[in-house]
Amino acid sequence: MELLSESFATLLKQGIEAARKSGALPEFETPEITVSKPSRPNQGDYATPIAMQLAKSAKANPRQIAQAIAEHIPPAPFLDKVEVAGPGFINFWLAPRWVQEQVETIISEGPDHLGEVDIGRGQKAQVEFVSANPTGPITVGRTRGAVMGDTLANMLEAAGYRVEREYYFNNAGRQMELLGRSLQARYLQLLGRDALVPEDGYHGDYLRWIAAALYAEHGDSLADRDWMYFKEKAEAAIFANIRHTLARLGVYFDVYFNEKSLYDDNSVWEAIEELKKRGYAYEAEGATWFKATEFGLPKDRVIVKSTGEPTYIMPDIAYHVNKLKRGFDLIVDIFGADHQDSYPNVLAGVRALGYDPSPIKVVIHQFVTLVEGGETRRMSTRKGEFVTLDELIDEVGADAVRYFVLARSPESHMEFDLELARKQTNENPVYYIQNAHVRCAGIFRQAKERGVTDDGADVHLLSDPRELALIRKMLELPDVLAHSVRRLEPHHIAFYALDLARMFHPTYEEVRALHSEVPPELQKARLRFYRAAKTVFARLLGLMGMSAPDFM
RNA sequence: GCGCCCGUAGCUCAAUUGGAUAGAGCGUUUGCUUGCGGAGCAAAAGGUCGGGGGUUCGAAUCCCUCCGGGCGCACCA
């Protein structure tokens, strides 16, 4: 498919150049040309405000500039007409014949590759997300990062990047010791011993299950094992659980990166030494500090505690240097709002070490609130409340979890409506979109029974305005992908899919393919059209990591 | 107190990052349809874009200020 906004931008560049050569326009600096979809149908299929932006530097009135450009736009197969409107907008209309023919393009690209755009040009990209330490089951708080990260990775792949999905974790340190001691206590309790879970340890039921499993397998033979043993057992069981939960959402990783390896290969200490050598670290109050203020940040940070241990920020810096050294052209970090203050320090640290942090892009998302029947459900550990992602999936299903979380811009403080997510009606956008795919599949089941096929269909027979409008909407897919990838905002595709479904269902109701009054040739053409629609819905659902059912 | 994010229709949210008359769904109201490709179709009402000021051809979007909410502000990760 064609990236239409870019095709129009190219046309405009050529138009401006031609207008200059002919003397219709003076010389001036050309800004970046933006082409967008106007909100009203009488304003064309695509439009640009470029003439207004040029008005100052070209020292002319925007309508005259627009007129001059419009007259010099070269012809193109997809272009029907050009018009100057309003204060100086240039509006474009797509050629109907070309639009009809795109049905074939869509079908030939197929549901796995449709709409691919080559923005990445084969560059290496990494998306790091979830990255929860193995101290307990994944909570709903991580849902957003999991879905956003995975979908963004899908979209980057569609945009021509070679993508790696990475999970960063730490299985060392005080929290993990507490975890080990907590499990040890649960195990000893099963033996009837008088053991207590540490006050600041982990009190969740999941450690009881793990302890019970250990007891079932080993009886009381582990009574003399130390906390390290239990830590390893807890970690293994919890990680298995986390992977299982994420797999239910269709989320998988290529690399699990252990923070500990940054100590093993000494890169944390090397980074600290390097900061000192470069004059960005100093000793004070018994600790070592990083001069974050030199990089415009509000205050300096401790990087080595008075106990001699590095703080968490140091391995984070070393980790990002490690990522840069691995040669990624684009490094995406997906963080929750609780990290919004720490990442600038990490980026400053990377810069202080002499690396260019510009490939690193940080996406911060706000938190999710679960809402049921107008009431907020608190995410406490109290019995009967949702806390884990597993429970949320049990409750509403993986597709609904993915769609609901995806259908919000990252910066919104989203509310997850459990009641709506459970509904199996068109009120629920998940079913509304999937139902579009189901209905397309249904048409082909029906066609098969009647012995009708779309072989040799002539798409030029498609003339219903609703059909043509829907095809034009389908043609936006590459632009939606490009826009989402450039801004690292996966939510646009969720809204696009819903918009498309809203156009689809009325068309499906009104524009019948297999009705007895529809001439056979037109039946073929319409079947072809519905095949294209099915392809687009399958592609969108696939990018969002959702299933594309044939039945519901 | 300081920093980051948010505030758009009754509710949940968009708005291609400074463009044309701010858009959807749900809910409400009104018709149609409910004999066949399950959960349908059409229309209407609903807005001081939190308040105020500024920047310019043009602001929901940028700047200042006030109000309200979220998250952070550790020698915890």
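Residues numbered from 1 in each chain as written. Chains lettered and ligands numbered in written order. Predicted model: local features only at pLDDT ≥ 70, side-chain atom pairs only at ≥ 80, totals over all residues. Heavy atoms only, no water.

Overall, mixed pairing links the three strands, which are arranged 13-12-14 in an open sheet. In this open sheet, the two edge strands, each paired with only one partner strand, are strand 13 (375-377) and strand 14 (414-417). In this sheet, neighbouring strand axes are inclined to one another by 45 degrees on average, regardless of whether the strands run parallel or antiparallel. Bridge count between strand 12 (residues 368-372) and strand 14: four bridges; the pairing is parallel. Residue pairing for strand 14: Thr369 is matched across the bridge by Glu415. (Pairing = 2+ DSSP bridges. Helix = DSSP H or I, 4+ residues; strand = E, 2+ residues; numbered from the N terminus. Axes fitted to C-alpha atoms, helices over the stretch in contact; angles between N-to-C directions.)

Under the defined criterion, the tally for this structure stands at 26 aromatic pairs. Centroid distance Tyr167 to Tyr256: 5.2 Å. Interplanar angle 35 degrees. Geometry classified as tilted. Residue Tyr167 is located in strand 5 (residues 162-169), and its partner Tyr256 is located in strand 6 (residues 255-258); the two are separated by 89 residues in the primary sequence. In this structure Tyr256 comes out as partly exposed when scored by relative accessible area, which is 25%. Just above the ring of Tyr46 sits the side chain of Lys37; from NZ or CZ to the centre is 4.5 Å. Sitting over the ring of Phe328, Lys124 keeps its end group 4.7 Å from the ring centre. (Phe/Tyr/Trp six-rings, centres within 6.5 Å; stacked < 30°, edge-to-face > 60°. Buried < 20%, exposed > 50% of the residue type's maximum accessible area, 1.4 Å probe, protein only. Lys NZ or Arg CZ within 6 Å of the ring centre and 35° of its normal.)

Let us now look at the protein's contact with RNA strand B. As a matter of local geometry, RNA strand B sits amid 58 residues, with Arg40, Arg439, Arg487, Arg502 and Tyr508 nearest to it. Each atom of RNA strand B within 4 Å of the protein was classed as base or backbone; sugar and phosphate made up 56%. The separation between a sugar or linking oxygen of RNA strand B and a polar main-chain atom of Ala337 is 3.3 Å. Measuring from a base oxygen of RNA strand B, one finds a backbone N or O atom of Ala513 at 3.1 Å. Those elements that provide at least two residues to the surface near RNA strand B are helix 2 (50-58), strand 3 (89-94), strand 14, helix 16 (429-450), helix 18 (477-487) and helix 19 (491-510). At nine residues, the largest contribution of residues to the surface near RNA strand B is made by helix 19. Looking at side-chain class alone, the surface near RNA strand B contains 17 nonpolar, 21 polar and 20 charged residues. (Near = heavy atom within 4 Å. Polar contact = N/O pair within 3.5 Å; in protein donor to acceptor, adjacent residues only side chain to side chain. Nonpolar A, V, L, I, M, F, W, Y, C, P; charged D, E, K, R; others polar.)

Another aspect to go through is helix 2. Among the residues making up helix 2, those that are buried are Ile50, Ala51, Leu54, Ala55 and Ala58. Seen from one end, helix 2 has its buried residues packed into an arc of 150 degrees, which puts them on one side. Along its buried surface, helix 2 packs onto helix 1 (4-21), strand 1 (46-48), helix 3 (62-71) and strand 3. Two residues or fewer past helix 2, Lys59 is found with a positive phi of approximately 50 degrees. (Arc of directions from axis to C-beta. Contact = heavy atoms within 4.5 Å.)

Once that is clear, we can look at the sheet that holds strand 9 (residues 301-304). Taken in spatial order, the three strands line up as 7-8-9 in an open sheet, and their pairing is antiparallel. Only two strands of the sheet have a single partner each, and these edge strands are strand 7 (281-284) and strand 9. Going from strand to strand, the sheet's axes swing by 45 degrees on average, the running direction of each strand aside. Pairing of strand 8 (residues 287-290) with strand 9, which is carried by three bridges, proceeds in the antiparallel orientation. Bridge pairing links Trp289 to Val302 in strand 9.

The next point concerns the pattern of salt bridges. Following the criterion strictly, the structure yields 37 salt bridges and no others. A salt bridge links Asp205 to Arg208; its shortest N-O distance comes to 3.1 Å. Its salt-bridge partner being Arg248, residue Asp390 comes within 2.6 Å of it at the nearest N-O pair. Taken together, the residues Asp390 in helix 13 (residues 389-396) and Arg248 in helix 8 (residues 227-248) connect sequence positions 142 residues apart. (Salt bridge = Lys/Arg side-chain N within 4 Å of Asp/Glu carboxyl O.)

With that settled, the discussion passes to the packing of helix 17 (residues 465-474) against helix 19. Between helix 17 and helix 19, the shortest axis-to-axis distance is 10 Å and the interhelical angle comes to 160 degrees. When the axes of helix 17 and helix 19 are compared, the pair comes out roughly antiparallel. Where helix 17 crosses over helix 19, the two elements pack in a sense that is left-handed. Residues Arg466, Glu467, Ala469, Leu470, Lys473 and Met474 of helix 17 touch helix 19, and the partners they reach there are Tyr496, Asp499, Leu500, Met503, Phe504, Thr507 and Glu510. In the contact of helix 17 with helix 19, the residues fall into seven nonpolar, one polar and five charged. (Parallel < 35°, antiparallel > 145°, perpendicular 65-115°, else oblique. Left-handed = near helix turned anticlockwise from the far one by under 90°.)

It is worth spelling out the side chain of Asn345 at this point. Within the secondary structure, Asn345 is located in helix 12 (residues 343-352). On the basis of relative accessible area, Asn345 is assigned to the buried category, the value being 4%. Non-local contacts of Asn345, meaning those with residues more than four positions away in its chain, are made with Phe290, Ala292, Leu297, Arg301, Ile313 and Ile317.

Here we come to the packing of helix 7 (residues 206-218) against helix 8. Following both chains from N to C, one finds helix 7 and helix 8 inclined at 110 degrees, their axes separated by 11 Å at the closest point. Taken together, the axes of helix 7 and helix 8 are roughly perpendicular relative to one another. Note that helix 7 runs across helix 8; the crossing there is right-handed. Here helix 7 contributes Tyr206, Ile210, Leu214 and His218 to the contact with helix 8, which in turn contributes Tyr229, Phe230, Lys233, Ala234, Ala237 and Ile238. Across the contact of helix 7 with helix 8, the residue classes break down as eight nonpolar, one polar and one charged.

Turning to the pairing of strand 12, a few remarks are in order. Across three bridges, strand 12 lies against strand 13 in antiparallel orientation. Note on strand 13: the bridge partner recorded for Val371 is Thr376.

Even without a glycine there, the phi angle at Val130 is positive, about 65 degrees. Along the chain, Val130 falls in the loop between strand 4 (124-128) and helix 5 (143-158). In this structure, Ser131 takes a positive phi of about 50 degrees despite not being glycine. Along the chain, Ser131 falls in the loop between strand 4 and helix 5.

Turning to the environment of Glu6, a few remarks are in order. Looking at the element boundaries, Glu6 is found in helix 1. On the basis of relative accessibility, which here comes to 40%, the residue Glu6 falls in the partly exposed class.

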